[in-house]
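Residue strings, one per chain:
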Amino acid sequence: MKRVSIFGSTGSIGENTVDLIARAPEEYEVVALTGGRNIARLAEQAISLNAKLAVTCFPDCKQELAELLSGTGIEVAAGPMAISEAAERPVDWVMSAIVGAAGLVPGLKALEQGAALALANKESLVCAGELLMRTARANKADVLPVDSEHSAVWQALVGEDISAVERVILTASGGAFRDWPLEDLPRATPEQASTHPNWDMGQRITVDSASMFNKSLELIETREFFGFEPRQIEVLVHPQSLVHALIGFNDGGLMAHVGPADMRHAIGYALHYPERRPLPVERLDLARIGKLEFREPSEARWPALRLAREVMKVRGLAGAVFNAAKEQALDSFLARDIRFTDMAVVVEEVLAAMEGENALKCDRMCLEDVIETDHVARIRAAEAAARINMDA
Ligand SMILES: NC(=O)C1=CN([C@@H]2O[C@H](COP(=O)(O)OP(=O)(O)OC[C@H]3O[C@@H](n4cnc5c(N)ncnc54)[C@H](OP(=O)(O)O)[C@@H]3O)[C@@H](O)[C@H]2O)C=CC1
Ligand SMILES: CC(=O)[C@@H](O)[C@H](O)COP(=O)(O)O
Ligand SMILES: [Mn+2]
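Residues numbered from 1 in each chain as written. Chains lettered and ligands numbered in written order. Predicted model: local features only at pLDDT ≥ 70, side-chain atom pairs only at ≥ 80, totals over all residues.

1. Concerning the sheet that holds strand E1 (residues 2-7)
The strands making up a sheet are joined through hydrogen bonds of the backbone, oriented either antiparallel or parallel.
Right, so step 1: One open sheet holds the seven strands; their spatial order is E4-E3-E2-E1-E5-E6-E7, and the pairing between them is parallel. Edge positions in the open sheet fall to strand E4 (75-78) and strand E7 (143-145), since each of these has one partner strand only. Adjacent strand axes in the sheet meet at a mean angle of 20°, parallel and antiparallel pairs treated alike.
Right, so step 2: When E1 meets strand E2 (residues 28-35), the two strands line up parallel, connected through five bridges. Considered in E2, the bridge of Lys2 is made with Tyr28.
Right, so step 3: Strands in contact with helix H2 (residues 39-48) are E2 and strand E3 (53-56); relative to E3, the strand with the most contacts, it is inclined by about 165°.
Right, so step 4: Along the sheet, helix H5 (residues 104-112) makes contact with E1, strand E5 (93-96) and strand E6 (116-119), crossing E6 at roughly 150°. (Pairing = 2+ DSSP bridges. Helix = DSSP H or I, 4+ residues; strand = E, 2+ residues; numbered from the N terminus. Axes fitted to C-alpha atoms, helices over the stretch in contact; angles between N-to-C directions. Contact = placed C-beta atoms within 7 Å.)

In structure tokens:
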């Protein structure tokens, strides 16, 4: 039996992972499931998958979880430390699907105990790619991409010589405001930004798709995971979200990965790797779909793309600042303290200030520096957001 744990099991990626595992319960021993405030669902998942341990990151939710699981024999714990300890429990495969930088420490702990880390949590690679990949190498543990574009790149590279790759093209739907007039963007509301044309995902990544901060994180994720040079990584707007990424080889050939907008494909590929197994996703009828469109992304509409290029140039702790400032700016937008277009303004201001103070350099990345930098960048971003709010 494959021993598995799912971090962020109550979220969108978590639920898709639970769905796949629940289809073949005899193949899996579920060790730990973790969630946040959706305690009823966490308890339900733990019972149906016969998990050993259920953890909520919120200590004030522990009582409710304990009551729902009393008499089941399932262990209950709460708080960030308990999540980190859950990641130390020996397993073969871990799904990293917590949202945000909170996913970093459990991911590192999972790698330290040698588990294969199925990585949906792109923020880990953005804020600490060097550290995460070094930890994987030191423990001979695999990091398996789950983000749809990165799974696509991974699959298109099977059996290929990486030195023959000229370029990688990540597709982007363009999100909720792809076709809005530019002058309307400052008035976009959190509700409008929380809809996606093709994917059904958590709220934060959905808003990040609209601002292209999601694709910006994915540019950095591509660089950190595969080691391609920034100039090799391109973004192409593709409104249908059916081509997930393309690899351009030195003979002019382009290898595209095409599939339905269903994360169970990428999750299943990482779950069964190195095998391919049947998955319960739609089989595309390309004749019915008829046409696929591609467009150049506009940096006027999506300034986050330019900021990601700056982060890839500077490296060091720039990714930690970028991610943390983005997370804080997103909180401020969702709280209606700043406008949709102010998110990029906040992130650019914090990045420029901390770069000017020489706060982004590091010779050998360590967790303490990443956590400290993340903390400072959030404070700076909250200050910038408050200033913008007062000026408005
Ligand atoms: N959704 C998708 O299709 C894709 C997602 N990703 C990435 O996967 C990750 C998860 O995304 P998604 O599933 O959409 O997000 P969701 O918001 O749907 O789920 C997030 C999960 O993390 C839990 N959680 C929230 N905050 C914390 C915290 N501070 N500490 C521990 N756990 C926490 C939530 O608990 P609860 O809900 O119980 O409060 C939930 O289980 C993100 O990094 C995202 O960028 C990448 C590609 C596609
Ligand atoms: C499903 C997935 O991988 C998301 O990251 C997706 O890419 C979001 O869509 P956008 O292309 O709109 O960012
Ligand atoms: Mn993606």
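And the narrative resumes.
2. Regarding the domain arrangement of the protein
Right, so step 1: The assigned domain composition of the protein is domain 1 (2-145), domain 2 (150-289) and domain 3 (316-391).
Right, so step 2: Spacing between the C-alpha centres of domain 1 and domain 2 amounts to 24 Å.
Right, so step 3: The interface is formed by 18 residues belonging to domain 1 together with 20 residues belonging to domain 2.
Right, so step 4: Of the residues belonging to the side of domain 1 that touches domain 2, the class tally is ten nonpolar, five polar and three charged. (Domains from an automatic or database assignment. Nonpolar A, V, L, I, M, F, W, Y, C, P; charged D, E, K, R; others polar.)

3. Points about the site of ligand 1
Right, so step 1: Near ligand 1 you find 29 residues, and of these Gly11, Gly36, Asn38, Met201 and Gly202 are the closest.
Right, so step 2: Counting only elements with at least two residues in the shell around ligand 1, the list comes to helix H1 (12-22), helix H6 (122-138) and helix H9 (203-211).
Right, so step 3: Ranked by the residues each element gives to the shell around ligand 1, the list is headed by H1, at three residues.
Right, so step 4: When its residues are assigned to classes, the shell around ligand 1 shows twelve nonpolar, twelve polar and five charged.
Right, so step 5: Residue contributions to the shell around ligand 1 reach at least three from each of two domains, namely domain 1 (2-145) and domain 2 (150-289). (Near = placed C-beta within 6 Å.)

4. Thoughts on the site of ligand 2
Right, so step 1: By nearness alone, 13 residues border ligand 2, and Ser148, Ala172, Ser173, Ser209 and Asn214 come closest of all.
Right, so step 2: Class assignment for the residues of the shell around ligand 2 results in four nonpolar, six polar and three charged.

5. Here's the deal with the nonpolar core
Right, so step 1: Counting residues in each nonpolar core, the largest one holds 121 residues, and the members touching the most others are Ala54, Ala118, Val321 and Ala325.
Right, so step 2: Element by element, the count of residues in this core is highest for helix H14 (residues 318-334), at nine residues.
Right, so step 3: Leave out the neighbours within four places in its chain, and Ala54 touches Leu33, Leu42, Ala43, Ala46, Leu65, Leu69, Ile74 and Val76. (Core = buried A, V, L, I, M, F, W, Y, C linked by C-beta atoms within 7 Å. Buried ≥ 20, exposed ≤ 12 C-beta atoms within 10 Å, placed from the backbone.)

6. Here we look at the pairing of E3
Right, so step 1: Here E3 shows two buried faces, one formed by Leu53 and Val55 and the other by Ala54 and Thr56.
Right, so step 2: On the question of chirality, the crossover connecting E2 to the parallel E3 by way of H2 is right-handed.
Right, so step 3: Summarising the sheet, E3 and E4 pair through four bridges and their orientation is parallel. Paired with Leu53 across the bridge in E4 is Glu75.
Right, so step 4: After leaving E3, the chain enters helix H3 (residues 62-69) and then returns to the sheet as E4, a path that is right-handed. (Right-handed = clockwise from strand over helix to strand, strands pointing away.)

7. Points about the UniProt feature "binding site: 1-deoxy-D-xylulose 5-phosphate" (unreviewed entry) in the protein
Right, so step 1: Mapped onto the present numbering, the UniProt feature "binding site: 1-deoxy-D-xylulose 5-phosphate" (unreviewed entry) falls on Lys122, Ser148, Glu149, Ser173, His196, Ser209, Asn214, Lys215 and Glu218.
Right, so step 2: Relative to the elements of secondary structure, Lys122 occurs in helix H6.
Right, so step 3: Using a count of 28 C-beta atoms within 10 Å as the deciding quantity, one classes Lys122 as buried.
Right, so step 4: Following the sequence through the fold, Glu218 ends up in helix H10 (residues 213-226).
Right, so step 5: In contact with Glu218, other than residues within four places in its own chain, are Lys122, Asp147, Glu149 and Leu170. (UniProt positions renumbered as here; feature names shortened; annotations may be inferred.)

8. Focus on unusual backbone geometry
Right, so step 1: Pro274 follows Tyr273 through a cis peptide bond whose omega is 10°.
Right, so step 2: Structurally, the position occupied by Pro274 is in the loop between helix H11 (264-272) and helix H12 (286-289).
Right, so step 3: Positive phi, normally seen in glycine, also occurs at Lys140, with a value near 50°.
Right, so step 4: Looking at the element boundaries, Lys140 is found in the loop between H6 and E7.

9. A closer look at the UniProt feature "binding site: Mn(2+)" (unreviewed entry) in the protein
Right, so step 1: The UniProt record marks Asp147, Glu149 and Glu218 with the feature "binding site: Mn(2+)" (unreviewed entry), using the residue numbering of this structure. Separation in sequence by 72 residues is not matched in space for these annotated residues, since their most distant C-alpha atoms are only 8.4 Å apart.
Right, so step 2: In this structure, Asp147 sits in the loop between E7 and helix H7 (148-157).
Right, so step 3: For Asp147, a count of 27 C-beta atoms within 10 Å translates into the label buried.

10. Overview of H5
Right, so step 1: Counting buried residues in H5 gives eight out of nine residues, a clear majority hidden from the surface.
Right, so step 2: Considered for burial, the residues of H5 that qualify are Leu104, Val105, Pro106, Gly107, Leu108, Lys109, Ala110 and Leu111.
Right, so step 3: Residues of H5 that are buried sit in contact with E1, helix H4 (80-86), E5, E6, H6 and helix H16 (367-391).
Right, so step 4: The positive-phi residue at the C-terminal boundary of H5 is Gly114, with phi of around 90°.

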